[in-house]
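Now for the letters of each chain:
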Amino acid sequence: MFHKDGLEPIVRELDRLGVHLYSTGGTQDFIASLGIQVTPVEDLTTYPSILGGRVKTLHPKVFGGILGRRDLHSDLAQLEEYAIPPIDLVIVDLYPFEDTVARGGSDADIIEKIDIGGISLIRAAAKNHQDVLIVPSRDQYEELLRLLKDQDGATTLAQRRRFATGAFAVTSHYDSAIYHWFSKGQGDLRLSAGPNTVLRYGENPHQRGSFHGDLAGMFTQLHGKELSYNNLLDLDAAVELIDDLASIDGVPFAILKHNNACGAAVRATVKEAWDAALQADPVSAFGGVLITTARIDRSTAEAIDAIFFEIIAAPGYDAPALEILSKKKNRMILERKPAARSAVKVRTALNGLLTEDADHVVARAASMRPATTKAPTPQEVGDLVFATILVKHTKSNAIVLAKGNQLLASGTGQTSRVDALEQAIAKAGRFNFDLRGAVMASDAFFPFPDCVEIAHKAGITAVAHPGGSIRDQDSIDYCNAHGMAMCITGTRHFKH
């Protein structure tokens, strides 16, 4: 067993129950150090650990004791013939293969963390769950200890089957991780996302829903009701957006509804960022998801508390802020933890799955390559970077209008880019934003000069788009003729 955490109370309870313990290596030494009698596996097999510990438990006297069927006379006869003691409980903690990969171990280190004996023990014990209880990881230690105490060491078939089911989940996940490392992501898709959390329902009440993964590794929920399917989709969009906005100097704050930002800003303080983000669309902010990279203080909490929202996610909360925000019992308050996000996107399509690399391209000042006679001012460059980050995270076809690192309005999910722009302009007007001196970003190229013409008439002075249309020059010519600056980023950001 690689880790010994949580093992001591189990070992002491087994000793109290009079269970004969077998173990190897460091685990054997650990048990002995507790003053508890333990038999080395080498004494059982009469064979030493060999090849630097690569072969310890792979022996008929170990696996025979696990796989022997207690209700089959011939099996019992062979166990007796070869002096093989039946083994009723197997506890395994696999070598930390994924952790070794994650911390950048060498190929040799990673290969040595491919567990052979442990995996074999788990599979054997799970196969014979009719008679044997398998505990395949530390995650089950607490439940095992409770069973040992509450049932005086006895287990039911249903309990053993549940542990066996979990055991095959552990082995399949472990093998998938090894396969992905060897294949470098180029082989067949093997999905193993972690523990399953059953949700209240899916996108709608008549649909079932589940989350597969370690949500607790990304957030600590400090208050509120259980997260829903739609909450998790919005949170995913919020995390991706705020992490990109964090590349801009200052404190970012974003408000999202249905996976799109309805408010976003970057300011010197979290309170100023909240105020500016809310200004973009205080109507859509109702029932929204709030996210920032800064700790929430009292003044920000007081301002936020004035509106109804579903979720807030931040790296921390001052005590008075948490008290203020917790007054609404259903409000979901999440403390975000440092955690890596998936590098691959997966979704169902037709009778299979689609996969793609996550879009990790983040707009920078260097991304803004002037294509017009007039270059953008430094202020416009900063706003174009901000707007391009936002449009990347907005459903296509998408247009974002921004000024002073503040979202003024966006056009989202339209079948026409002109419609998206007109939607954004109309929305900016509804909330009394002056578009003179604002910038526009598009998720894809302008196929015709109509968008830059409409933008110019609204007062927009600089635009950014990926380029790539055979008629790019038409839009460039219009900008040159009307004193607008245009930058071509070279990167499209469709989001469907």
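Since the structure is predicted, the reported quantities are computational estimates derived from the model, not experimental observations.

Draft legend 1. Focus on the sheet that holds strand 17 (residues 407-411). Spatial ordering of the open sheet is given by 15-20-19-18-16-17, a layout of six strands whose pairing is mixed. Looking along the sheet, the strands with just one partner apiece sit at the ends: strand 15 (369-370) and strand 17. Where strand 18 (residues 439-442) lies against strand 19 (residues 462-465), three bridges are found, and the strand directions are parallel. By the bridge assignment for strand 19, M440 is matched with V463. Strands in contact with helix 18 (residues 472-481) are strand 19 and strand 20 (485-488); relative to strand 20, the strand with the most contacts, it is inclined by about 150°.

Draft legend 2. Summary view of the packing of helix 9 (residues 141-150) against helix 10 (residues 157-183). Between helix 9 and helix 10, the least distance of the axes is 13 Å, while the angle of their chain directions is 165°. With respect to helix 10, the axis of helix 9 lies roughly antiparallel. Regarding helix 9 and helix 10, the two cross each other, and that crossing is left-handed. Counting all contacts with helix 9, which are made through E143, L144 and L147, the residues of helix 10 involved are Q159, R162 and F163.

Draft legend 3. Examining the environment of S49 more closely. By secondary structure assignment, the location of S49 is in the loop between helix 3 (41-45) and helix 4 (60-67). Taking the C-alpha atoms as reference, S49 lies 8.6 Å from G25; in sequence the two are 24 residues apart. Those residues in contact with S49 that lie beyond four places of it in its chain are E42, V55 and K56.

Reading the values: rules and limits
- Residues numbered from 1 in each chain as written.
- Predicted model: local features only at pLDDT ≥ 70, side-chain atom pairs only at ≥ 80, totals over all residues.
- Heavy atoms only, no water.
- Pairing = 2+ DSSP bridges.
- Helix = DSSP H or I, 4+ residues; strand = E, 2+ residues; numbered from the N terminus.
- Contact = heavy atoms within 4.5 Å.
- Axes fitted to C-alpha atoms, helices over the stretch in contact; angles between N-to-C directions.
- Parallel < 35°, antiparallel > 145°, perpendicular 65-115°, else oblique.
- Left-handed = near helix turned anticlockwise from the far one by under 90°.

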